[in-house]
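Chain by chain, the residues:
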Amino acid sequence: TDIADGIWHQVAVVRDGASLAFYIDGVSVGTDATGKNGVRNDDVEIGRAYLDGNEKKFNGQIDEVRIWNIARTQEKIQADMFSHLDGTEAGLVAYYRMDEGEGQTVIDYSSNKNNGQMGSTSGTDNNDPTWTTNSFPLPVELTSFTANIVNNAVELIWQTATEVDNYGFQVQ
């Protein structure tokens, strides 16, 4: 699946035992058997990997990272993919919203408070990733929205100017 199309995408990788499941925008795009089943105590690096001894850096923007210690279902991924979390959800290990906008610290909004560091050193240097002021685009641009009580129920009526990658609505 090509996601280099200039619009934001939600990507999820779920590890369940020795297998991986991959989702893009809440849709399953494949699985892979890793053959590995264990826990590592290495530092987590977001946007950088070492493959076959070579450093590979992510070329793009990352808006939010969520790390769980449970295998999330496709339904849970879809239900939460356009929402900010409380940070207290069961199984949530780390939650980096990456909306600080400046500095070297990436705040962990989970109850674990494992704050991260931008770049490879605590000081600023030319190799650091950069903050962007772009906000996560809403999938729907509303032109009107009304709510009415009809027969002891709430009726919602809206019109949209645009819809991008809209998979439905969640009313809370």
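Residues numbered from 1 in each chain as written. Predicted model: local features only at pLDDT ≥ 70, side-chain atom pairs only at ≥ 80, totals over all residues. Heavy atoms only, no water.

In this model, Asp25 sits at a positive phi of 55 degrees, which is unusual for a non-glycine residue. By secondary structure assignment, the location of Asp25 is in the loop between strand 2 (19–24) and strand 3 (27–33). (Helix = DSSP H or I, 4+ residues; strand = E, 2+ residues; numbered from the N terminus.)

As a further point, take the pairing of strand 5 (residues 54–57). Regular strands show a simple pattern: their side chains alternate between the two faces of the sheet. In the sheet, strand 4 (residues 48–51) pairs with strand 5 via 4 bridges, with the strands oriented antiparallel. Bridge pairing in strand 5 places Tyr50 opposite Glu55. Between the antiparallel neighbours strand 4 and strand 5 lie 2 residues, among them Asp52 with a positive phi of about 55 degrees. (Pairing = 2+ DSSP bridges.)

A separate point is the environment of Gln74. Within the secondary structure, Gln74 sits in helix 1 (residues 74–80). Classification of Gln74 by relative accessible area gives partly exposed; the value is 25%. Setting aside residues no more than four positions away along its own chain, Gln74 makes contact with Tyr23, Gly26, Val27 and Ser28. (Buried < 20%, exposed > 50% of the residue type's maximum accessible area, 1.4 Å probe, protein only. Contact = heavy atoms within 4.5 Å.)

With antiparallel pairing, 3 strands are arranged side by side in an open sheet as 1-2-3. Both outer strands of the open sheet, strand 1 (11–16) and strand 3, are each paired with one neighbouring strand and no more. Adjacent strand axes in the sheet meet at a mean angle of 20 degrees when their direction is disregarded. With 6 bridges joining them, strand 2 and strand 3 adopt antiparallel strand pairing. Counted as the bridge partner of Ser19 is Ala33 from strand 3. (Axes fitted to C-alpha atoms, helices over the stretch in contact; angles between N-to-C directions.)

These values are about where atoms sit, not about what they do.
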